[in-house]
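Coordinates in review
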Amino acid sequence: MAEVIIKNMKKVYGGKTTAVHDVNLHIKDKEFIVLVGPSGCGKSTTLRMVAGLEDITEGELYIDGKLCNDIAPKDRDIAMVFQNYALYPHMSVYDNMAFAMKMKKVPQDQIDKKVREVAKVLDITPLSNLDAKLRNQMRAEIIKLRQSINTTFMYVTHDQTEAMTLGDRIVIMKDGYVNQIGAPQDLYNKPVNLFVAGFIGMPVMNFFDGSKLLLENGKYYAQIHNAKFELSDFQQKALKANNQQPCDIIAGIRPCHILLDEGELTAKVEVSEMLGNEVNLHTDCEGDHVVMVIPTMNLETDVSMGKTIRFSTQPRLIQLFDKQTQNNLIWYDEASARADAPVCKAYNF
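This write-up is about the structure you can find in this document. (Residues numbered from 1 in each chain as written. Predicted model: local features only at pLDDT ≥ 70, side-chain atom pairs only at ≥ 80, totals over all residues. Heavy atoms only, no water.)

**Brief notes about the overall build of the chain**
What the chain contains, in helices and strands, is eight helices and 17 strands. Within the chain, counting contacts between residues at least 6 apart in sequence, those at least 24 apart form 61% of the total. Just so you have it, the chain exposes about 18600 Å², and 50% of that area is on carbon and sulfur atoms. (Helix = DSSP H or I, 4+ residues; strand = E, 2+ residues; numbered from the N terminus. Contact = heavy atoms within 4.5 Å. Areas by Shrake-Rupley, 256 points an atom, 1.4 Å probe, with all protein chains shown as cover.)

Structure (structure tokens):
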């Protein structure tokens with residue numbers, strides 16, 4: 001496989017149920033692209049259309065510059081690994097692994113060598129059925145495999161940890177639409193909307209409903225409950241460029257960006273999970289469920305169940321989502337964004 005270009009690809013079942021909406025994607029030669037999203041979001045259907053296992057209802061698929069809409073799967077020079085076992089039940093594991101090479105009349109000594117190499121790497125088990133320790137090991141093996149094969153990869157998962165660790169770029173899908181495409185760290189730092197922000201990152205981002213964006217004396221502030229944060233220079237620049245008016249927002253703060261014993265926000269500890277180098281606190285902040293990841297080094301505050309604690313964050317790390325559209329007021333570029341692939345603005349932290 002080489003460069004893959006998907007133009008306005010759509011999949012409709014039965015003439016009325018749209019599983020994939022107008023997907024546009026340019027995958028570079030030797031790039032590792034991960035499609036991620038909840039069950040039923042259209043990621044597997046997209047992959048199956050690229051492999052030729054599903055017909056493309058609308059749009060165009062180019063592989064290495066060649067239009068492939070009507071080319072049979074066997075002639076696309078694509079290898080696909082299925083989520084389920086997809087084995088021939090009357091064959092041994094060895095024969096299942098060797099079958100495709102036998103059909104291509106590869107010499108037996110080469111078949112035997114390749115089968116044994118792959119069996120050693122994969123331990124002949126599907127990734128989704130592995131325990132946590134072996135699953136981490138297999139992610140590392142996939143990265144090594146990618147480097148040795150040096151080809152283009154499209155990988156589908158619902159596990160955002162896999163997506164973040166494996167992908168050069170990640171395609172986040174929901175309800176058949178692409179919400180955002182970007183490098184893992186860009187998606188983590190610059191989510192274009194509320195869905196992406198809540199999907200990428202573990203533990204998930206905290207959301208404070210009922211927050212407000214204020215404009216006072218030419219400066220923007222985020223008000224979260226009784227605390228008011230003067231936003232950073234790059235946030236001010238972005239909001240002014242859009243002539244953003246004061247509005248109701250949903251403020252987002254990642255658990256690892258919370259600072260203990262600072263600021264005016266208070267929360268009551270409901271659950272305290274001690275994990276050695278850090279403690280995960282599940283708290284209630286005036287009705288908002290807030291998770292905090294706090295390093296245990298030099299931790300002197302009593303964070304046991306029932307205790308009330310103070311916390312804050314750096315204003316530049318607060319994500320600001322329009323309450324109506326759920327788009328990120330800093331990173332979403334409405335003028336240049338397409339419905340299937342919003343574009344992030346290039347403001348620097």
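**Here's the deal with the nonpolar core**
Side chains that are nonpolar tend, in soluble globular proteins, to be buried together. With 34 residues, the main nonpolar core has Phe 208, Leu 213, Ile 224, Leu 239, Met 292, Phe 311 and Leu 320 as its most contacted residues. Counting residues per element, this core draws most heavily on strand β13 (residues 258–274), which supplies five residues. Listed in part, the 23 residues of the second largest apolar core include Ile 27, Cys 41, Leu 47 and Ile 56. (Core = buried A, V, L, I, M, F, W, Y, C linked by side-chain atoms within 4.5 Å. Buried < 20%, exposed > 50% of the residue type's maximum accessible area, 1.4 Å probe, protein only.)

**Focus: the packing of aromatic side chains**
This model, assessed by the stated rule, comprises five aromatic pairs. We note Lys 228 situated over the ring of Tyr 221; from NZ or CZ to the ring centre the distance is 5.0 Å. Just above the ring of Tyr 188 sits the side chain of Arg 254; from NZ or CZ to the centre is 4.0 Å. (Phe/Tyr/Trp six-rings, centres within 6.5 Å; stacked < 30°, edge-to-face > 60°. Lys NZ or Arg CZ within 6 Å of the ring centre and 35° of its normal.)

**Looking at unusual backbone geometry**
Look at the link from Met 202 to Pro 203: it is a cis peptide, with omega at -5°. Along the polypeptide, Pro 203 turns up in the loop between α7 (194–199) and β9 (206–216). Unlike most non-glycine residues, Asn 217 shows phi in positive territory, near 55°. Along the chain, Asn 217 turns up in the loop between β9 and β10 (219–224).

**Brief notes about the environment of Pro 315**
Summarising the element assignment, Pro 315 is placed in the loop between β16 (308–313) and β17 (319–322). For the pair formed by Pro 315 and Gln 235, sequence separation is 80 residues and the distance between their alpha carbons is 9.1 Å. Beyond its immediate stretch of four places on either side in the chain, Pro 315 contacts Phe 229, Glu 230, Leu 231 and Gln 235.

**Thoughts on the sheet that holds strand β3 (residues 32–36)**
Ordered by their spatial adjacency, four strands build an open sheet running β6-β3-β7-β8, and the pairing between neighbours is mixed. A strand with exactly one partner marks an edge of an open sheet, and here the two such strands are β6 (153–157) and β8 (177–182). Going across the sheet, the axis of each strand differs from the next one's by a mean of 20°, ignoring polarity. The pairing of strand β7 (residues 169–174) with β8 spans five bridges and is antiparallel. Paired with Met 173 across the strands is Val 178, a residue of β8. Along the sheet, helix α1 (residues 43–51) makes contact with β3, β6 and β7, crossing β6 at roughly 150°. (Pairing = 2+ DSSP bridges. Axes fitted to C-alpha atoms, helices over the stretch in contact; angles between N-to-C directions.)

**So, the pattern of salt bridges**
With the rule as written, the count across this model stands at twelve salt bridges. Note that Asp 112 and Arg 116 form a salt bridge whose closest N and O atoms lie 3.1 Å from each other. Taken as a pair, Asp 112 and Arg 116 lie in helix α3 (residues 108–122) at a separation of four residues, close to a single helical turn. Using a relative accessible area of 53% as the deciding quantity, one classes Arg 116 as exposed. Of the charged contacts, one joins Glu 216 and Lys 228 as a salt bridge, the two residues approaching to 2.9 Å between their closest N and O atoms. Remark: Lys 228 occurs in strand β11 (residues 227–230) and Glu 216 occurs in strand β9; sequence separation between them is twelve residues. The class of Lys 228 is partly exposed, set by a relative accessible area of 44%. (Salt bridge = Lys/Arg side-chain N within 4 Å of Asp/Glu carboxyl O.)

**Some words on the side chain of Thr 301**
Of note, Thr 301 is situated in the loop between β15 (288–295) and β16. Among the polar contacts made by the side chain of Thr 301, one reaches the side chain of Asp 261 at a distance of 2.3 Å. In this structure, Thr 301 is in contact with Leu 260, Asp 261 and Ile 309, ignoring residues within four places of it in sequence. (Polar contact = N/O pair within 3.5 Å; in protein donor to acceptor, adjacent residues only side chain to side chain.)

**Here's the deal with the sheet that holds strand β4 (residues 58–63)**
The four strands lie next to each other as β2-β1-β4-β5, forming an open sheet whose pairing is antiparallel. In this open sheet, the two strands that pair with only one neighbour each are β2 (17–27) and β5 (66–67). The pairing of strand β1 (residues 4–13) with β4 spans five bridges and is antiparallel. Looking across to β4, one finds that Ile 6 is bridged to Leu 61. Against the sheet, α1 touches β1, β2 and β4, its axis set at about 115° to β1.

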